[in-house]
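Structural overview for review
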Amino acid sequence: MAATYDFLVIGSGPGGYVAAIRAAQLGLKACVIEREHLGGICLNWGCIPTKALLRSSEVFHLMHRAAEFGLSADKIGYDLPAVVKRSRGVAKQMEGGVKHLLKKNKVDVVMGEAALAGKGTVSVKTDKGTEEISARHIVIATGARARELPGLEADGDLVWTYKHALNPPRMPKKLLVIGSGAIGIEFASFFNTLGAETTVVEVLDRVLPVEDAEISAFARKQFEKQGMKIMEKSMVKQLDRAKGKVTANIETGGKVEKMEFDTVISAVGIVGNVENLNLEKAGVKVDRTHVVTDEYCRTGVDGLYAIGDVAGAPWLAHKASHEGVMVAELAAGQHPHPVKPSAIAGCTYCHPQVASVGLTEARAKEQGYEVKVGKFPFIGNGKAVALGEPEGMIKTVFDAKTGELLGAHMVGAEVTELIQGYVVARTLETTEQELMETVFPHPTLSEMMHESVLAAYGRQIHM
Ligand SMILES: Cc1cc2nc3c(=O)[nH]c(=O)nc-3n(C[C@H](O)[C@H](O)[C@H](O)COP(=O)(O)OP(=O)(O)OC[C@H]3O[C@@H](n4cnc5c(N)ncnc54)[C@H](O)[C@@H]3O)c2cc1C
């Protein structure tokens, strides 16, 4: 007889495992099915192992600056396999943590590949054969994988996806990164800091194209100072692969340039894992590679939800988890609020870091807002100077009529930690007045968040 649950999740990434834990907390009998690793891409091949690698390159960079701090460090070097081993170890530890949390919350785990198999039923291919599991509520949380463009497909040797780059067969000497979104720029930053001659090609008119234009421009200058070559409005048309080298045909303004590299990382986006799930048969709509849902992640088929990367942008772990909590609460008969995309921060952990929430200045104007904009540079902040991190800026965008904080944009040290202050402000629909009245501790980088708000109203003190 098929095992029966209240709440069944396909995929154990930050969407799936969080959904299952929340459902169990609410008294639902919950199960997660996973075909590969507990914790999904995020813990195993995404957020966490990349941050572990970037931490190594950050320490390496700081060691080179030892003299600035009155310290000495000789024979600074690195051992790439050891750097990777640490990153894989961190991922493994996180996977173990998810296993423990699921067990603690009495969520059953089935390791196998799942597909929908009729109303309220899922079939799972496991090591032992195929089994059927039924549930009142089924959540598709199957995530996404790297998009492959024709001619630019990864081969694991010369051309890598993020998975190869996380467990690289060698240290690149001349590296081409195709795509300057968060994933591309983080790898460019990591390998460039360790000494790879790095070129980044971006088809749009600026690096980190979803960020505010001023932040992108600032970040670009910093990347170039670090020796990266940045090619904007450029497209890699073809990769000619030979033994140990790739010739990239890169088009800029109608002219094609041939450039040689020993390694290429393709970071041109992701596609949802929608295949082999019998979605169409179940009546679930798929738009290109993403499941179509309403704001509550409902697919339109009774009892069937889709969350996280498979349900579309923004492709972020915290968005997936928040959606997971929401669907679990819906399934338990509660009335959660839908997830507000305008209050979801995006963070890029390159050097310097970039973080933002809400509308860019240009987007706010496009939407018809009359805006007040405040900016504050890191050089005006005592803590930034004390840390030896005087390069960066914080920009805030307000609705001139109501004082609502529409967006906040940051580049510089630790901004991925700072942004959450503005996320809370956006979630609470805070105005400039409340932010100005807030007392920020001294000396902290967060004081720049205050100064940026003050600057929007001509009241900044330290600049
Ligand atoms: C290199 C990289 C760096 C990233 N860095 C960040 C970051 O810093 N911050 C951030 O917020 N996001 C980051 N992301 C994005 C983040 O990893 C995703 O947004 C997040 O993992 C999405 O969670 P999810 O639960 O939707 O899916 P996933 O984490 O992709 O998990 C889906 C799971 O479903 C399983 N699965 C799929 N199909 C089936 C099936 N048929 N049966 C059983 N199991 C199945 C998969 O094996 C997988 O484990 C990064 C991504 C990459 C690639």
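Everything numeric here is computed off the predicted structure, so don't read it as measured data. (Residues numbered from 1 in each chain as written. Predicted model: local features only at pLDDT ≥ 70, side-chain atom pairs only at ≥ 80, totals over all residues. Heavy atoms only, no water.)

A short note on the site of the ligand
- The ligand sits among 38 residues. The nearest are Gly-15, Glu-34, Lys-51, Asp-309 and Ala-317.
- Residue Lys-51 places a side-chain N or O atom 2.8 Å away from an oxygen atom belonging to the ligand.
- Contacts to the ligand include Leu-316, whose backbone N or O atom sits 3.2 Å from an oxygen atom.
- Isolated, the ligand exposes 1000 Å² of accessible area, and the fraction of that covered by the protein chains is 94%.
- By residue number, the principal contributor to the shell around the ligand is helix H2 (residues 40-45), which donates 4 residues.
- Split by residue class, the shell around the ligand holds 18 nonpolar, 14 polar and 6 charged. (Near = heavy atom within 4 Å. Polar contact = N/O pair within 3.5 Å; in protein donor to acceptor, adjacent residues only side chain to side chain. Areas by Shrake-Rupley, 256 points an atom, 1.4 Å probe, with all protein chains shown as cover. Helix = DSSP H or I, 4+ residues; strand = E, 2+ residues; numbered from the N terminus. Nonpolar A, V, L, I, M, F, W, Y, C, P; charged D, E, K, R; others polar.)

Some remarks on the domain arrangement of the protein
- With domains assigned, the protein is organised as domain 1 (3-146 + 271-341), domain 2 (159-268) and domain 3 (352-456).
- Taking only C-alpha atoms into account, the centre of domain 1 sits 31 Å from that of domain 3.
- Three residues, Arg-65, Phe-69 and Lys-340, lead the burial of domain 1 against domain 3; their summed loss comes to 80% of the area buried on that side.
- Of the charged contacts, one joins Glu-429 and Lys-340 as a salt bridge, the two residues approaching to 3.6 Å between their closest N and O atoms.
- At the surface where domain 1 touches domain 3, the tally comes to 1 residue pair in polar contact (both at pLDDT 80 or more).
- Partitioning the side of domain 1 that touches domain 3 into residue classes produces 1 nonpolar, no polar and 3 charged. (Domains from an automatic or database assignment. Buried area = accessible area lost by both parts, 1.4 Å probe. Salt bridge = Lys/Arg side-chain N within 4 Å of Asp/Glu carboxyl O.)

Notes on the packing of helix H3 (residues 47-64) against helix H4 (residues 80-104)
- In contact at an axis separation of 8 Å, H3 and H4 are set at 145 degrees when each is read in the N-to-C sense. For the crossing formed where H3 meets H4, the hand is right-handed. Two secondary-structure elements touch here, H3 through Ile-48, Pro-49, Ala-52, Leu-53, Arg-55 and Ser-56 and H4 through Val-83, Val-84, Arg-86, Ser-87, Arg-88, Val-90, Ala-91 and Met-94.
- Among the residues forming the contact of H3 with H4, the class breakdown is 9 nonpolar, 2 polar and 3 charged. (Axes fitted to C-alpha atoms, helices over the stretch in contact; angles between N-to-C directions. Left-handed = near helix turned anticlockwise from the far one by under 90°. Contact = heavy atoms within 4.5 Å.)

Details of the pattern of salt bridges
- Scanning the model with the defined rule gives 29 salt bridges in all.
- A salt bridge links Asp-155 to Arg-241, with the nearest nitrogen and oxygen atoms 2.6 Å apart. On the criterion of sequence distance, the pair formed by Asp-155 in the loop between strand E7 (144-146) and strand E8 (159-160) and Arg-241 in strand E12 (residues 234-242) is long-range, its members being 86 residues apart.
- For Asp-155, a relative accessible area of 38% corresponds to the partly exposed category.
- Via salt bridges that share partners, Asp-212, Glu-214, Glu-361, Lys-365, Lys-375 and Lys-395 belong to a single interconnected network. (Buried < 20%, exposed > 50% of the residue type's maximum accessible area, 1.4 Å probe, protein only.)

A word on the sheet that holds strand E21 (residues 354-358)
- The strand order E20-E21-E24-E23-E22 describes an open sheet built from 5 strands, whose pairing is antiparallel. The open sheet has two free edges, formed respectively by strand E20 (346-348) and strand E22 (371-377), since each of these has just one partner strand. Between one strand and the next, the sheet's axes are offset by a mean angle of 10 degrees, whatever the strand orientation.
- Relative to strand E24 (residues 405-411), E21 runs antiparallel, the two being bridged by 5 bridges. Across the sheet, the residue bridging to Ala-355 is Met-410, located in E24.
- Strands in contact with helix H14 (residues 447-456) are E22, strand E23 (393-399) and E24; relative to E22, the strand with the most contacts, it is inclined by about 140 degrees. (Pairing = 2+ DSSP bridges.)

Some details on a nonpolar patch on the surface
- Together, Leu-62, Phe-69 and Leu-71 line one region of the surface with nonpolar side chains, adding up to about 260 Å² of accessible area.
- On the secondary structure map, Leu-62 appears in helix H3.
- Exposure remark for Leu-62: the relative accessible area of 31% places this residue in the partly exposed category. (Patch = residues over 30% accessible without salt bridge, like charges linked within 9 Å, V, L, I, M, F, W, Y side chains within 5 Å.)

Details of the nonpolar core
- Phe-187, Phe-190, Phe-191, Phe-223 and Ile-265 are the most contacted members of the largest nonpolar core, which has 34 residues in total.
- Counting residues per element, this core draws most heavily on helix H6 (residues 182-193), which supplies 5 residues.
- If near-sequence neighbours (up to four positions away) are discounted, Phe-223 is found in contact with Ile-185, Val-207, Leu-208, Met-228, Ile-230, Cys-350, His-351 and Pro-352. (Core = buried A, V, L, I, M, F, W, Y, C linked by side-chain atoms within 4.5 Å.)

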